[in-house]
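Single-letter residue listing:
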Amino acid sequence: MNFGHFNPVNKEYVITRPDTPAPWCNYLGSVDYGAIISNNATGYSFVKSGAAGRIIRFRLNSMSNDQPGRYIYIRDNADGDYWSGSWQPVCKSIDSYKSECRHGTAYTIISSSYKDIETRTLYYVPLDKNYEVWNIRIKNSSNNKRHLSIYGTAEFTNHDHYENDTVNLQYSQFISKTYFKDNHILQVINENGSEASSDVEGTSNKKGDPIYRFFGLAGQSVSAFDGERDMFIGNYRNYGNPVAVELGKCSNTVAYNGNSFGALQTDIELNPGEETEMTFLLGAGNEDFARNIISKYDSVEKANICSCEGFCNFSEVVSHELTQLKNFWHSRLDNLQVETPDDNFNNMLNVWNAYQCFITFFWSRAASFQYCGLRNGLGYRDTVQDIQGIIHLDYKAAKERLWLMLSGQVLNGGGLPLVKFDHKPGQEATPDESQYAKETGQSFYRADDALWLFPTVITYIKESGDWNFIDEKVPYADKGEATVYAHLKQAIQFNLDRQGSHGLPVGLFADWNDCLRLGSKGESLFVTFQLYYALKIFKEFATKKDALADIEWAQNCLNELSGNIQKFAWEGDQFVRGFTEDGYTIGSKSNSEASLWLNPQVWSVISGAADEKTAKTVLDKVYDNLNTKYGAMLFYPAFREYGLPVARMSLFNAGTKENAGIFSQPQGWVILAETIIGNGNRAYEYFTEINPAAMNDHAEIRKLEPYIHGQATEGIDTLNHGRSHVHWLTGTASTVMVSMVYGILGLQPEYNGIKINPCIPSGWKNFKMNKVFRNTVLNITVDNSQGVEKGVHYITVNGKRIDGCYISADELKDTNEILVVMGK
Ligand code: IFM
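You'll find the protein entered in an unreviewed UniProt entry as Glycosyltransferase 36, with Ruminiclostridium cellulolyticum given as the organism.

Draft legend 1. The arrangement of the pairing of strand β44 (residues 815-822) in detail. Here 7 bridges tie strand β40 (residues 776-783) to β44, and the two strands are oriented parallel to one another. The residue of β44 that forms the bridge with V777 is T815. In this structure, strand β41 (residues 792-797) lies alongside β44, joined through 5 bridges in antiparallel fashion. Bridge assignment links I795 to a residue of β44, and that residue is V820.

Draft legend 2. Summary view of helix α20 (residues 732-744). The element α20 is largely enclosed, with a buried count of 13 among its 13 residues. In the stretch just after α20, G746 is the one whose phi turns positive, near 65°.

Draft legend 3. Quick peek at the packing of aromatic side chains. Following the criterion strictly, the structure yields 60 aromatic pairs and no others. Aromatic pair W452 and W669: ring centres 5.8 Å apart, planes at 20°, arrangement stacked. In this pair, W452 is assigned in the loop between α10 (434-440) and α11 (453-464) and W669 in helix α17 (residues 665-676), connecting sequence segments 217 residues apart. The buried category is assigned to W452, whose relative accessible area is 2%. Relative accessible area serves as the criterion here: at 5%, W669 is assigned to the buried category. The ring of Y623 has R682 lying over it, and the distance from NZ or CZ to the ring centre is 4.1 Å. Seen from the ring of Y794, R801 lies directly overhead, with NZ or CZ sitting 3.9 Å from the centre.

Draft legend 4. Examining the sheet that holds strand β39 (residues 766-773) more closely. Strand order across the open sheet formed by 6 strands is β21-β39-β40-β44-β41-β42, with mixed pairing between neighbours. Only two strands of the sheet have a single partner each, and these edge strands are β21 (336-339) and β42 (800-803). Adjacent strand axes in the sheet meet at a mean angle of 20° when their direction is disregarded.

Draft legend 5. Unusual backbone geometry, seen in detail. Cis geometry marks the peptide bond from Q88 to P89, where omega comes out at 5°. With an omega of -10°, the peptide bond between Y636 and P637 qualifies as cis. Positive phi is not limited to glycine here, since K11 has a value of about 55°. Non-glycine residue N798 carries a positive phi angle of around 50°. Position of N798 among the secondary structure elements: in the loop between β41 and β42. By relative accessible area, which is 26% here, N798 ends up partly exposed.

Criteria and thresholds
- Residues numbered from 1 in each chain as written.
- Predicted model: local features only at pLDDT ≥ 70, side-chain atom pairs only at ≥ 80, totals over all residues.
- Heavy atoms only, no water.
- Pairing = 2+ DSSP bridges.
- Helix = DSSP H or I, 4+ residues; strand = E, 2+ residues; numbered from the N terminus.
- Buried < 20%, exposed > 50% of the residue type's maximum accessible area, 1.4 Å probe, protein only.
- Phe/Tyr/Trp six-rings, centres within 6.5 Å; stacked < 30°, edge-to-face > 60°.
- Lys NZ or Arg CZ within 6 Å of the ring centre and 35° of its normal.
- Axes fitted to C-alpha atoms, helices over the stretch in contact; angles between N-to-C directions.

This is how it looks when you write it as structure tokens:
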């Protein structure tokens, strides 16, 4: 069953039925101001942090029709009937109420049609601004004059911090109040705040000054208002039947000890065929700021820029801001666009997977409908991986964030588990000091954190051509500074310094898998293969720098590691997952539970540690034993009885998340590994199994948005095999993107040029790619009339033939016509 479709021309996903299996969301805003909105206008907004800068409420895990959101009500004053501009919260029967939601790049448009009144609400955060716009257009399509009241509503938090707002009402309800100021409700928290009150425990604003938020109306005058939530909703009612809307009159009261709220009512008349427009504005700022913003949107001068026909004019300021947003996003996404025979692949690569990569890049794991950023910073491994997902689209932004993460590396080579939002390079405490745990709640190193730097740094350098980056100096988090090259060497040293009894790196507090606590003696094969990969990349850099001693050092380490892998971790047709401190082998084929793990097999291939025969053996074993129709399970069989103390995933229900679930992030690694050994058909099969777009017509099974990846899908042991969980903010976005770009499409930049070496399903007979590569445009046509999976016969660049798949940068003009002929 489907609830919508992709519109690739507009780069939108169009939801045609509002009763989706879960809220299907979009992200609006920038790093300074974020807003999550569902297809039914539920969601929340925040300044900088989903937890600590929360402006409006959202109740996690609430009943789906009772989540606060950006609700706009419409009341027909002739008969008192009322509905909402989004299907929720009033939820009229979908037989008579028609709605459509168009999620686009940083904007969402929700339309409704009921009783011949049509509305279209455009929600967005203007580029680089810290407020949001809800622009609603209302049309009377009936033959009668209509008398309507429109109510915009926003449920403010009483405290910036979500937790204080939610559970500490004895405090938070008494520091917040609202005022009515002609065209807006002004909320103020800590009105009597001052420098002196700044050290009061739990105060919203560390500086002690009052905090202001506003909810305003432009383009129409306010007829009545409610600044207190319970006056608007009424006792024993909910958002589906607020008393103010039922009675047709807000109460004109403000909040003083209670729940601050913004409800603005405006009464309008529309002749047959007539349309009108108004704009609700929500943000953080005082009265002057609010008045200034609201006045900008008062003008309703029209500019028609929308590609839809008819009822879609926007006022000039709105259309200008929408264009700015589209330009900002589309110019990034347009750096790689493809036309393959598979629309589901195209929709993800061209728009949605790419957009999700940027959202994870910007917001890390800070705000969603499943969690709300209680962490005050960027998780090391997640962030360094997130960078990989956008390098091919925006290497400048990637470099900035990469620099930050390198400066979050401790002098001993390990990564800080959390790089705080107010990170001060050179001055931070480390996990070895109690101060760090006090500030972040994290007191242990993870074994893998800094190892993610290797694939990210090399991808950045090759995409940008910025080889000098390797010699740029970057401070360490705690003290001292060094070149990027030296940072990388130190990262390797961190793991070499922490080895177990088999001469393999230990797993510490986690090794990518948050549930595997191997400690300071238990060894991890995942980290082993990452370290192997890191050493190979480092050796490549050392070779380019002619650093002979380093080349030798790296090679010796590789030899030793590879010997220990063969000796201790290879079981003839699979690699084990690790060793506990007391010598138990995790992931041995003789184990009754968890006897085959995905990650060591695929990382043996990605790292280059597995030779051709081994690579084929382990990937076949994975395919035969772990693959399902919705992707490959993290291991099998699930932990059910064996209480391995270091394997915390046994707490999860069997078949779920890290306990034999189909964890989504590794799916990108399986795809990549298959492309490395040339299995285009199998790589594509894996890709299709987990491609959200391919599940568009089975949305009732997958449940999550069919345009974005989730964190995990349920495996074969659960009651709901195929159901996916935890939307949007997941490392899956970047791993799958990497596997598509560098693996399947084979777009592999090199120091002085680019390789184009696709690994595709043999059924793809030709396809096109348009890539911006270091300011040159590559218009690439791939001819696979021979129907191979991998292998390039020759390439022509602007008519000149080159054997093999490598194009030197010297061959490139500003715009290039490239033909890639696959085959023997
Ligand atoms: O690797 C982790 C990630 O950092 C957070 N989500 C779960 C993953 C696997 O445990």
